[in-house]
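The lines below spell out each chain.
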Amino acid sequence: MALRSEPTGRQLRLAVELRRLRDAAGLTAREAAALLGVTAPVISQIESGIAGVSEKRLRRLAANYSCADAELIDALVSMATDRTKGWWEEYRELLPTPFLNLAELEHNATFLWEVQFLFIPGPLQTAEYARAVFSDRVPELPAEEVELRVRHRMRRAATLAHTPYEAVIHEAALRIMVSDRSTSRTQLAHVIASSEAEHVTVRVIPFRLEGFTGAASAMTYAGGSVPKLDTVVRDGPHGAVFIDSKAQLGAFRTLFHKVEAASLDPERSRDFIHKLAKEL
């Protein structure tokens, strides 16, 4: 099998999970290779994502690692045998890799939770709002790249048409006008319209909420086909950071539910956004 020059985010996650299974079994790469009848470099290539792994070989590895989690193994097999060339591949070498990995993650998610405090969540943004956000970057992006990012963001939103999605948005994000009043008014109307879809839930955290300390909880939480394959995405100094350790996933699940509990219910949230829109 040819080696990959640039594994996708999904391929890298599979590699990480196979490394975790081996570590949990207390085996070295050389010992795992011997059990499989291959050389240690083969195991290293699989665990770095630069080489794929067949279903037969993956199931043999899982058996050698004494993994009895059938649902996890089946999920890993699905990842290993997935040959999907998603729409995001059109943007490879045109946009930063994290943009592609995020689109791939969302495409395969079983559900999405999002918490935002300063911006409208990406899947709920209008093209005009997204364009204003991307145009404000320092140093400025070329106009062509701004439009690429806007088109990519709109494609992301379109692919989430049926994925269960819950967004918790702070009032600050709703009030900040990244462009002009017309853009903000249209953006709020779009959030309201989106929230009326059966699979979309929008909640608002108002300024008047007392004792709220969750402002550091901004995140996108993507559900995997099994909970062990969940992923959290956070903004970092140099782009998106993907988090998948068991302890951190547990912490972010707790954080999301705390922020969710502090927010207005969906109906009151919709009324709240209506009121803000009328003030513009």
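A.B. asks: So what about empty space enclosed by the protein? Which residues, and what values?
C.D. replies: Across all of its chains, the model carries one cavity of 30 Å³ or more by this definition. Lining the largest cavity are Ile-120, Tyr-129, Ala-173, Leu-174, Ile-176, Ser-184, Gln-187 and Leu-188. At the level of elements, α9 (171-175) and α10 (181-195) are the ones that each hand at least two residues to the lining of the largest cavity. In terms of residue class, the lining of the largest cavity is made up of six nonpolar, two polar and no charged.

A.B. asks: Mind laying out the sheet that holds strand β5 (residues 231-236), listing which residues take part and the relevant values?
C.D. replies: The six strands lie next to each other as β3-β2-β1-β4-β5-β6, forming an open sheet whose pairing is mixed. What marks the edges here is a single partner per strand, and that holds for β3 (200-205) and β6 (239-243). Adjacent strand axes in the sheet meet at a mean angle of 15 degrees when their direction is disregarded. Alignment of strand β1 (residues 112-116) against strand β4 (residues 219-222), held across four bridges, turns out to be antiparallel. Within β4, the residue paired with Leu-112 across the bridge is Ala-222.

A.B. asks: Residue-level account of helix α3 (residues 40-47), with values.
C.D. replies: Residues Ala-40, Ile-43, Ile-46 and Glu-47 constitute the buried set of α3. Buried residues of α3 fall within an arc of 125 degrees about the axis and therefore sit on the same side. Looking at the buried side of α3, the elements it contacts are α1 (9-25), α2 (29-36) and α4 (55-64). Trailing α3 by a residue or two, Gly-49 shows a phi angle of about 85 degrees, which is positive.

A.B. asks: So what about the layout of surface pockets? Which residues, and what values?
C.D. replies: Gaps left between atoms show up when a probe the size of a water molecule is rolled over them. Within this model, the largest pocket holds a volume of roughly 1200 Å³. Lining the largest pocket we find 35 residues, and of these Phe-99, Phe-134, Arg-153, Asp-235 and Ala-240 sit closest to its centre. Listing elements by their share of the lining of the largest pocket, those giving two or more residues are α6 (97-108), β1, α7 (127-135), α8 (143-159), β4, β5 and β6. Considered class by class, the residues forming the lining of the largest pocket number 18 nonpolar, eight polar and nine charged. Quantified by volume, the second largest pocket comes out at close to 510 Å³. Around the second largest pocket, the lining is made up of 27 residues, and of these Arg-4, Thr-8, Gln-11, Thr-84 and Lys-85 lie nearest the centre. Listing elements by their share of the lining of the second largest pocket, those giving two or more residues are α1, α5 (70-81) and α6. For the lining of the second largest pocket, the leading source of residues is α1, giving five residues. Residue classes in the lining of the second largest pocket are distributed as nine nonpolar, nine polar and nine charged.

A.B. asks: How would you explain the pairing of strand β2 (residues 165-170) if you had to name every residue and give the values?
C.D. replies: Burial analysis of β2 places six of its six residues in the buried class, which makes it a mostly covered element. Going residue by residue along β2, you find Tyr-165, Ala-167 and Ile-169 tucked away on one face and Glu-166, Val-168 and His-170 tucked away on the opposite face as well. Across five bridges, the pairing between β1 and β2 is parallel. Note on β2: the bridge partner recorded for Trp-113 is Glu-166. As defined by bridge partners, β2 adjoins β3 across six bridges and the pair is classed as parallel. Counterpart to His-170 in the pairing with β3 is Ile-205.

A.B. asks: Explain the pairing of β5 to me, using residue names and the numbers behind them.
C.D. replies: Relative to β5, β4 runs antiparallel, the two sharing three bridges. Each residue of the ladder has a partner; that of Ala-222, found in β5, is Thr-231. With five bridges connecting them, β5 and β6 associate as antiparallel partners. Paired with Asp-235 across the strands is Ala-240, a residue of β6. Linking β5 back to β6 in an antiparallel pair, the connection comprises two residues.

A.B. asks: Go over the side chain of Ser-194 with me, naming the residues and quoting the values.
C.D. replies: With respect to the helices, strands and loops of the structure, Ser-194 is situated in helix α10. Not counting the four nearest positions on each side in its chain, Ser-194 is found in contact with Leu-124 and Val-200.

A.B. asks: Describe the environment of Leu-148, naming the residues involved and giving the relevant values.
C.D. replies: By the element assignment, Leu-148 lies in helix α8. Measuring from C-alpha to C-alpha, the distance between Leu-148 and Ala-32 comes to 44 Å, with 116 residues separating the pair along the chain. In this structure Leu-148 touches Tyr-91, Leu-94 and Leu-95, once residues within four positions along its chain are discounted.

About the cut-offs
- Residues numbered from 1 in each chain as written.
- Predicted model: local features only at pLDDT ≥ 70, side-chain atom pairs only at ≥ 80, totals over all residues.
- Heavy atoms only, no water.
- 1 Å grid on protein atoms, 1.4 Å probe; cavity = no way out; pocket = protein on both sides within 12 Å on 5 of 7 lines; lining within 4 Å.
- Points joined across faces, edges and corners; volume = space filled by probe spheres on them.
- Helix = DSSP H or I, 4+ residues; strand = E, 2+ residues; numbered from the N terminus.
- Nonpolar A, V, L, I, M, F, W, Y, C, P; charged D, E, K, R; others polar.
- Pairing = 2+ DSSP bridges.
- Axes fitted to C-alpha atoms, helices over the stretch in contact; angles between N-to-C directions.
- Buried < 20%, exposed > 50% of the residue type's maximum accessible area, 1.4 Å probe, protein only.
- Arc of directions from axis to C-beta.
- Contact = heavy atoms within 4.5 Å.

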